[in-house]
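Fold and geometry: a report
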Amino acid sequence: MQVRPHSIKSRPRFLAALVLVPCLTGCFASPGGESSSNGGQSGSRLRVALAFPPAENFSPYGADATLLSRLGVTEGLTGLDANGAAAPALAESWRRENDRTWRFTLREATFQDGADVTPSAVAAALTRATKAKPAPAALAGVSLDAKADGDRGIRITTAAADPVLPMRLSSPSLAILSPKAYGEKGNPDPAGTATGPFEITKVNGGSATLDRFDDYWGGRAQASGIDARFVKDGTARANAVRTGDLDIAEAIPVAQAATLDKATLKEAGTTRTTSLQLNTRTGPFKDPKLRAAARTAIDSSTIVKGVFEGYADPGAGIYGPAVTWAESKRVKPAGRAAAAEPDGQQITLATYDNRPELPETAQVVQQQLEKAGFKVKLEVREYSRLESDALAGKFDAFIGARNSLLDTGDPVGVLGSDYTCDGSYNLALLCDKTVDRAVAKADGTDGTGERQDAAMAAEAAILGTDAVVPLAHQQIIAGVSTKVRGVVLDPYERTLVGTGTRR
């Protein structure tokens, strides 16, 4: 692939997103952070394309949770501000009563079905989330009990001290839904039962229709609704922006970025990292020496230049440059196994094509591994047809893109869900006592700086197993019509459309 001129870009930063939309701190906190300058008058509908179709019927407990938050459908008790700290959402304030108990005060708000957001409804929604199978990633290793406390209070008690509970509750997977959303069986239905500025009114295969929720507590959205399409073909998304058929398209492929007019191309730093996950439970990579051989075979700078065309940085760890404090605190992994000769060992490498860079990345990795002596079979599918097999360990290696702060905003959260014995998204199937102890220590550490230090020590323990090989730290690239204002691109990739998004 030809490298674009000036393709080696500066490292992404959280503040890079500030140039995309005014009042971004408020927008991170909740969609209501963007005020309506037109007094809530009806505006045009927005035509939006997302890269991933719903994989679980819009269940808020899994990967679909971020689809709902990006479209402004759902929200939780808290949000995240531009610095990654907890900010008010459905809860207007909170206080810590003791090590294990927090009290949250609710604002006056209404569910999209007309019911009031009451302490009992919020407590019931959180209790449902704790019983979901598998558990939402934000609750990995966490046990909590939520109870109503007066007319506006929620008291939440955790089994162990949880210093980042307000950040945890910002997770899209802990969105608050109306009691009507929960049937006797199955996952809850967010259509018309959430609290965000837009409500789902129709779902039809590869599309969804959303209308403005006029009683949203943060003020009426400026757009009258959203016509959302789920288009896995990145070239098709870029072409639709170019021809004016779409107003907003997320995840523009880097290969298509140069074809868009500069005025329609929006970039921002993100905490997303593309990594190679190695199956530590079964197959060749159960042997740490072969995992070491795979790690030493990878040249991530080639991937960044050739595949991402400079819209990324070489893999440094689980946390990339957009986590601005990580590099200065990074700990060198210790105790790594010595690399063995692959001797033609046959492996299956899998990835998905919803993000066009991933199959290209997989091809480069395939070549690098084969050069080192492995025989590599490459398998590429759409994500919804791949996830269950990947989690079941049916592949020897898996390349995926993961936002390290998506689930909770807390740097420890992704470590618990992705790399511990009981992790709900443990693609490497890693179960290592040293890693579990390091993650548990980090999870119990209070104080921002101290928690960051403990997270980096746990990262070093994980990298020391060679269960994961970081490949590239990515940027957000979106296509946005020049007629559109107020698109929200945040580093956590939780938001896209808010009350101030309009055309």
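Our structure is the block above this text.
For the structure given in this document, a descriptive report is provided here. Please read all numbers here as calculations on a predicted model, not as lab measurements. (Residues numbered from 1 in each chain as written. Predicted model: local features only at pLDDT ≥ 70, side-chain atom pairs only at ≥ 80, totals over all residues. Heavy atoms only, no water.)

1. Quick look at the environment of P411
Relative to the helices and strands, P411 is located in the loop between strand 16 (397-403) and helix 12 (413-419). If we skip the residues at most four places from it in the chain, P411 touches Y319, W325, L405 and A455. (Helix = DSSP H or I, 4+ residues; strand = E, 2+ residues; numbered from the N terminus. Contact = heavy atoms within 4.5 Å.)

2. Some points on the packing of helix 13 (residues 433-443) against helix 14 (residues 448-464)
Contact pair helix 13 / helix 14: the axes reach a minimum separation of 8 Å and the direction vectors enclose 170 degrees. Compared by their axis directions, helix 13 and helix 14 come out roughly antiparallel. Along the contact surface, helix 13 presents V435, A438, V439, A442 and D443, while helix 14 presents R451, A454, A455, A458, A461 and I462. Among the residues making up the contact of helix 13 with helix 14, the classes are represented as nine nonpolar, no polar and two charged. (Axes fitted to C-alpha atoms, helices over the stretch in contact; angles between N-to-C directions. Parallel < 35°, antiparallel > 145°, perpendicular 65-115°, else oblique. Nonpolar A, V, L, I, M, F, W, Y, C, P; charged D, E, K, R; others polar.)

3. Some remarks on the state of the cysteines
This structure, assessed with the given rule, holds one disulfide. Each sulfur of the disulfide joining C421 and C431 lies 2.0 Å from the other. The disulfide joining C421 to C431 has a torsion of about 95 degrees about its S-S bond and is therefore right-handed. In this pair, C421 is assigned in the loop between helix 12 and helix 13 and C431 in the loop between helix 12 and helix 13, connecting sequence segments 10 residues apart. Look at C421 and you get partly exposed, because its relative accessible area is 30%. (Disulfide = S-S within 2.5 Å. Buried < 20%, exposed > 50% of the residue type's maximum accessible area, 1.4 Å probe, protein only.)

4. Topic: the packing of aromatic side chains
Inspection of every chain in the model, using the stated rule, returns nine aromatic pairs. Both rings, one in F52 and one in Y352, keep their centres 6.0 Å apart while their planes meet at 65 degrees; by these two values the pair is edge-to-face. Taken together, the positions of F52 in the loop between strand 1 (46-50) and helix 2 (65-70) and Y352 in strand 14 (residues 346-352) put the pair 300 residues apart, joining distant regions of the chain. When its relative accessible area of 3% is taken as the criterion, Y352 is described as buried. With 5.6 Å between their ring centres and 50 degrees between their planes, F285 and F374 make a pair best called tilted. One end of the pair, F285, is in the loop between strand 12 (265-278) and helix 7 (288-297); the other, F374, is in the loop between helix 10 (357-372) and strand 15 (375-381), with 89 residues separating them in the sequence. Here F285 falls in the buried class, since its relative accessible area comes to 1%. Following the ring pairs from residue to residue traces out a cluster consisting of F52, Y352, Y383 and F398. The ring of W217 carries R107 above its face, with NZ or CZ at 3.9 Å from the centroid. (Phe/Tyr/Trp six-rings, centres within 6.5 Å; stacked < 30°, edge-to-face > 60°. Lys NZ or Arg CZ within 6 Å of the ring centre and 35° of its normal.)

5. Considering the sheet that holds strand 5 (residues 101-106)
As summarised here, the arrangement of the four strands in space is 4-5-7-6, forming an open sheet in which the pairing is antiparallel. The strands lining the two open edges of the sheet, one partner per strand, are strand 4 (91-98) and strand 6 (144-149). Neighbour to neighbour, the strand axes of the sheet diverge by 20 degrees on average, direction disregarded. Across six bridges, strand 4 lies against strand 5 in antiparallel orientation. Bridging across to strand 5, S93 finds its partner in T105. Of the strands in this sheet, strand 5, strand 6 and strand 7 (153-158) touch helix 3 (residues 119-131), which is tilted by about 170 degrees from strand 6. (Pairing = 2+ DSSP bridges.)

6. Notes on unusual backbone geometry
Residue K133 is joined to P134 through a cis peptide bond whose omega torsion reads -5 degrees. In this fold, P134 is placed in the loop between helix 3 and strand 6. The phi dihedral of F58 falls on the positive side, at around 60 degrees, and the residue is not glycine. Even without glycine at this site, D466 takes up a positive phi of about 60 degrees. Here D466 is to be found in the loop between helix 14 and strand 17 (468-480).

7. Quick word on the pattern of salt bridges
Under the defined criterion, the tally for this structure stands at 29 salt bridges. Among the ionic pairs, E493 bridges to R272, the shortest N-O distance being 2.7 Å. Pair noted here: E493 is in the segment after strand 17 and R272 is in strand 12, with a separation of 221 residues, a long-range link. According to the relative accessible area criterion, R272 is buried, its value standing at 6%. For D466, the salt bridge goes to R336, with nearest N and O atoms at 3.2 Å. (Salt bridge = Lys/Arg side-chain N within 4 Å of Asp/Glu carboxyl O.)

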